[in-house]
Each structure stands twice: as structure tokens, then as C-alpha cells.
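As a plain string of letters, each chain reads:
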Amino acid sequence: MAKSAAIFIESNTTGSGAEFILRAQELGFAPVFVTACPERYGFLPDIPDLDLRTCETSSETAVTAVIDSIATARPIALLMTSSDVYLYTAALQARRLGLAGSDPDAISLCRDKARQAAALRAAGIGVPDSATVGADCDIRNAITQVGLPAVAKPISGTGSIGVSLVETETDAIAALRELLQCTNDVRGRSMQPDALLMSYIAGEEYSVEILDSQIIGVTRKHLGALPHFVEIGHDSPAPISSQFRTRIEREALRAIKALGHVHGPAHVELRLHHGCVTIIEVNPRLAGGSIPSLFRHTTGFDPVLAVLRSLLGMPWRPPAEGNHGSIRFIVPGREGSFALPQNCERVVDRFKLAELVLYHTLPMQFRRRFDFRDRIGHVIAVDGDPAAAARRAEAAVGFICNA
């Protein structure tokens with residue numbers, strides 16, 4: 001009898017994109033990857049026995065036809081995606097096939113940041129003030145309603161693309177007008193050019209990682225220089241008091257319940273300021289930014305495998321306590337040609353790194369985009385002392401970028 005298929009509709013281009021496919025293989029399933037553009041994924045040629053199907057993944061009709069053709073050859077055990085952009089499509093298809101997965105309505109609500117904020121606010125959960133901007137005539141009213149400083153962002157964006165702090169009316173008008181001109185998402189798909197203006201919340205930023213309404217970790221997030229919000233590092237577990245950790249976890253669980261996203265993975269981003277927790281946004285997916293790799297190195301817990309086991313109705317256990325880990329991203333300090341320093345071959349040993357990963361072949365021509373695409377690699381350091389792990393990771397990135 002043919003192996004059951006594990007279908008992936010597009011994925012992240014790095015990190016967990018390949019990991020989900022490989023873990024499905026390890027569980028004994030035949031992975032099938034459905035994509036509109038195989039060339040987008042550099043890891044595909046390295047995955048043995050991968051069934052690659054090409055179709056226009058922005059079309060529900062085309063995706064349905066491909067999935068139904070797969071079903072004629074083998075049973076389908078799971079269907080999912082690790083890409084924000086295709087979460088709703090995957091949820092719809094999984095439901096159509098009677099497979100486990102997140103509620104499509106909850107995915108739709110989470111993906112629309114304006115609707116999400118309104119639902120959280122209605123449930124009495126602390127969120128920034130916000131206003132939707134659908135046309136140029138909405139801009140001044142939004143600024144009046146929200147006030148400044150504020151954050152301008154796409155309604156359904158990802159990876160910090162198009163997100164910026166605006167402190168003056170001139171900056172806000174310019175940023176929102178630019179967002180209104182964006183008619184395609186990061187994958188080139190047509191989208192409604194709506195924007196969101198949210199009040200700026202100061203404070204330390206954290207994320208709570210959740211699976212099936214169970215906490216699997218709290219992560220401290222580090223951002224690059226304003227006015228942009230590029231994530232340049234994470235610490236896990238977050239160095240925070242048990243009192244504040246409990247408060248953060250409680251609010252994150254309240255948020256996913258209010259949105260109806262109680263099954264599957266969730267990545268809840270929030271800020272803590274003077275003891276007050278403000279939910280910035282709920283992402284109905286596993287954390288990106290190589291946070292799953294950080295978890296594996298610190299606790300031995302594999303979030304990717306846990307998500308697959310959950311979808312398959314198999315038991316999984318939340319992680320036990322472990323070491324402290326820090327990931328820091330390699331972001332060149334200037335545009336132009338970038339290469340590793342000549343003596344970089346021993347950087348792993350020199351800084352006692354658990355991991356060094358490059359996302360591009362070097363040397364490369366670096367062009368700053370002020371979002372996740374500025375990150376060309378990362379390092380991970382693990383230690384019993386959280387401060388020591390952070391110091392080693394930061395020193396390694398400093399050496400790579402400045403040598």
C-alpha cells in the first residue's frame with residue numbers, strides 16, 4: 001500500500017520550511033510540495049523522494065485540482081503550510097478533506113490585523129489603539145483618532161515588511177500612502193491595499209509560543225533601530241520574573257481564545273511596559289525567526305515535530321526546562337558587497353556556537369530592505385547563564401560583520 005501523503009502548500013523559504021518536510025519523512029509519510037515557483041526554495045533539491053507539484057497556488061480551483069489528483073494515488077494524512085500567506089488556503093483544504101487543522105475562520109480573523117485588534121479589544125484584552133486606512137481620504141482621520149507616535153503597517157503583512165514608526169504627521173501621511181500603493185504581497189499575489197495605523201507601545205517585546213492552547217515557551221525579542229522593526233535576535237527562555245511570565249502567558253492564552261484559535265500553533269507578540277501587557281498581534285502559526293531551532297538547542301524540544309504530531313492526532317509533550325539560548329541575526333552594516341572574513345572558518349569554535357547558518361551564498365551584494373530580508377544568516381549560542389549566551393552570540397555577529 002502506498003505511503004500516506006503529507007501535503008505542504010508553499011512554505012517558509014528558510015528554516016522551518018524544509019524542517020517540516022523532513023520531519024514528515026521521518027514520521028513515515030510521503031511529502032508532497034505544492035508551489036507556484038519551485039525556484040523560490042533553495043532547499044527543494046536537497047530533499048530526497050519529494051513529490052513536487054506545480055500549480056497557481058493563489059487559485060483555490062488550481063490547488064483543489066492538484067490535491068484531488070494526489071488523493072487518487074495515495075491517502076492524505078495531513079495538509080498544511082508554514083507560510084503566513086497560505087495559512088487560510090491550507091486551512092480550507094484541510095477542512096475540505098476532513099483533516100485536522102486550524103479553523104479557517106480563526107485564521108482569516110487573525111490574518112486581518114484590523115479585525116483581529118477589534119476582536120481582542122471587544123474581549124477586554126489590551127491592544128494598541130488603531131484605525132484602518134483604505135484610501136487617501138482616511139489618513140488624516142486615522143492620525144487624529146490614533147495620535148502620534150504611531151506604527152504604520154499593512155493589514156495582512158508579515159516579516160515586518162512595510163512596518164514603520166511614524167512620529168510626525170508628514171511621516172505618517174507618507175508611510176500610509178506608500179502602503180496604499182502596494183497591490184501585491186511578498187509572494188507577488190494581488191491584495192487589497194489597506195493599511196493600519198496603531199498607537200506606538202513602548203516597552204520590552206516578547207513572544208509567547210503556543211500549541212493547542214498549551215504554552216511551549218516565552219521568548220525575549222530584540223529589534224533593530226527605529227523607525228523600522230527588524231528582529232535582530234531572540235533569547236529563550238526569556239529572562240523575566242515568574243510574576244511577569246505568568247501575566248504574559250495568561251494574556252496570550254486569553255488572546256487566542258478570544259480569536260477562536262485554540263487548536264494548532266500560535267505566535268503571540270506583545271509588549272510589557274510598567275507591568276502592563278499589550279498584545280501587538282497574534283500569528284496563527286509556529287514562530288519564525290529560527291525560534292524552533294533555538295528551542296531544540298536549549299531544551300531538546302522540537303516545535304516542528306510537535307506541530308506535525310498534533311495534526312496527526314499523536315501525543316506530544318511541552319518542553320522541560322533546559323539551558324538558555326540566544327540567537328542573533330547577521331545583518332550587514334552597510335549596503336554593497338558582503339563576504340565572510342578570511343578567518344571565519346573557526347568562528348563556531350571561537351565563540352562556542354551551537355549553530356551558524358547562512359541564508360545566502362557569499363559573497364553577495366547586500367541591499368537593505370528594512371524587514372526580515374535584511375537578515376542574511378544567524379548564530380545561536382547556548383549556556384547555563386543567559387547573559388553569557390547573549391554575549392557570545394552578539395560577539396560572533398560582531399566579528400562576522402565587522403572583521
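Summary of the structure given here.

### A few points about helix α10 (residues 303–311)
Item 1. Among the nine residues of α10, seven are classified as buried, and the element is accordingly described as predominantly covered.
Item 2. Taken together, the buried positions of α10 are Pro303, Val304, Ala306, Val307, Leu308, Ser310 and Leu311.
Item 3. Buried residues along α10 sit in contact with α1 (16–26), β4 (76–80), β9 (204–211), β10 (214–223), β12 (265–273) and α9 (291–299).
Item 4. Sitting at the head of α10, Asp302 places a side-chain oxygen 3.0 Å from the backbone nitrogen of Val304.
Item 5. Immediately beyond the C-terminal end of α10, within one or two residues, lies Gly313, with a positive phi of roughly 75°.

### Brief notes about the pattern of salt bridges
Item 1. Counted according to the given criterion, the structure contains 20 salt bridges.
Item 2. Put simply, Asp68 and Arg96 hold a salt bridge, and the shortest N to O gap is 3.0 Å. One end of the pair, Asp68, is in helix α2 (residues 60–71); the other, Arg96, is in helix α3 (residues 87–97), and 28 residues separate them in sequence.
Item 3. The partly exposed category is assigned to Asp68, whose relative accessible area is 33%.

### Things to note about the pairing of β12
Item 1. Extensive coverage of β12 is indicated by the burial of eight of its nine residues.
Item 2. Pairing of β12 with strand β13 (residues 276–283) involves seven bridges; the strand directions are antiparallel. Within the sheet, the bridge partner assigned to Val268 lies in β13 and is Val282.

### Looking at the sheet that holds strand β2 (residues 30–35)
Item 1. Strand order in the open sheet formed by four strands is β3-β2-β1-β4, with parallel pairing between adjacent strands. At either margin of the open sheet sits one strand with a lone partner, and together these are β3 (51–54) and β4. Recorded for the sheet is a direction-independent mean angle of 20° between the axes of neighbouring strands.
Item 2. Alignment of strand β1 (residues 5–9) against β4, held across four bridges, turns out to be parallel. Looking at the pairing, Ala6 lines up with Leu78 of β4.

### Re the packing of α3 against helix α4 (residues 104–111)
Item 1. Orientation of α3 relative to α4, taken along the N-to-C sense of each, is 175°, at an axis distance of 9 Å. Here α4 runs roughly antiparallel to α3, going by the angle between their axes. Judged by residue contacts, Leu87, Tyr88, Ala91, Leu92 and Arg95 of α3 engage Pro104, Ile107, Ser108 and Arg111 from α4.

### What to know about the sheet that holds β10
Item 1. Read across the sheet, eight strands follow the order β13-β12-β9-β10-β11-β14-β18-β16 without closing on themselves; strand pairing throughout is antiparallel. The open sheet terminates on both sides in strands that have one partner only, identified here as β13 and β16 (355–358). Direction aside, neighbouring strands of the sheet carry axes that sit 20° apart on average.
Item 2. Relative to strand β14 (residues 324–329), strand β11 (residues 231–236) is paired through four bridges, and the arrangement is antiparallel. Of the residues in β14, the one forming a bridge with His234 is Ile327.
Item 3. Here α9 sits on the sheet in contact with β9, β10, β11, β12, β14, β16 and β18 (377–383), set at roughly 30° to β11.

### Things to note about the packing of aromatic side chains
Item 1. A full pass over the atoms with the stated rule returns five aromatic pairs.
Item 2. Each member of the aromatic cluster is reached from another via a ring pair, and the members are Phe33, Tyr41 and Phe43.
Item 3. The ring of Phe399 has Arg350 lying over it, and the distance from NZ or CZ to the ring centre is 4.5 Å.
Item 4. For the cation-ring pair, Arg375 lies above Phe329, with the distance from its terminal atom to the ring centre recorded as 4.0 Å.

### Structural notes on the environment of Ala306
Item 1. With respect to the element layout, Ala306 can be found in helix α10.
Item 2. A relative accessible area of 4% places Ala306 in the buried class.
Item 3. Residues Ala306 and Pro265 lie 41 residues apart in sequence; the distance between their C-alpha atoms is 9.5 Å.
Item 4. Not counting the four nearest positions on each side in its chain, Ala306 is found in contact with Leu211, Phe301 and Trp316.

### Let's talk about the environment of Val166
Item 1. Mapped onto the elements, Val166 comes out in strand β7 (residues 164–166).
Item 2. A C-alpha to C-alpha distance of 29 Å links Val166 and Ser290, two positions 124 residues apart in sequence.

### What about the nonpolar core?
Item 1. Residues Phe8, Phe20, Ile21, Phe33, Phe43 and Met80 are the most contacted members of the largest nonpolar core, which totals 28 residues.
Item 2. When residues of this core are traced back to their parent elements, those giving at least two are β1, α1, β4, α9 and α10.
Item 3. The greatest single-element share of this core, amounting to five residues, is contributed by α10.
Item 4. Counting residues in hydrophobic clusters, the runner-up holds 23 residues, among them Leu120, Ile210, Ala238 and Ile240.

### Quick notes on the packing of α4 against helix α5 (residues 113–122)
The geometry of a pair of packed helices is captured by two quantities: the angle between their axes and the separation between those axes.
Item 1. With their axes 5 Å apart at the nearest point, α4 and α5 run at an angle of 100° to one another. Regarding the angle of α4 to α5, the classification is roughly perpendicular. Within the contact between the two elements, α4 uses Ser108, Leu109, Cys110 and Arg111 and α5 uses Lys113, Arg115, Gln116 and Ala119.
Item 2. Broken down by class, the residue content of the contact of α4 with α5 amounts to three nonpolar, two polar and three charged.

Criteria and cut-off values
- Residues numbered from 1 in each chain as written.
- Predicted model: local features only at pLDDT ≥ 70, side-chain atom pairs only at ≥ 80, totals over all residues.
- Heavy atoms only, no water.
- Buried < 20%, exposed > 50% of the residue type's maximum accessible area, 1.4 Å probe, protein only.
- Helix = DSSP H or I, 4+ residues; strand = E, 2+ residues; numbered from the N terminus.
- Contact = heavy atoms within 4.5 Å.
- Polar contact = N/O pair within 3.5 Å; in protein donor to acceptor, adjacent residues only side chain to side chain.
- Salt bridge = Lys/Arg side-chain N within 4 Å of Asp/Glu carboxyl O.
- Pairing = 2+ DSSP bridges.
- Axes fitted to C-alpha atoms, helices over the stretch in contact; angles between N-to-C directions.
- Parallel < 35°, antiparallel > 145°, perpendicular 65-115°, else oblique.
- Phe/Tyr/Trp six-rings, centres within 6.5 Å; stacked < 30°, edge-to-face > 60°.
- Lys NZ or Arg CZ within 6 Å of the ring centre and 35° of its normal.
- Core = buried A, V, L, I, M, F, W, Y, C linked by side-chain atoms within 4.5 Å.
- Nonpolar A, V, L, I, M, F, W, Y, C, P; charged D, E, K, R; others polar.

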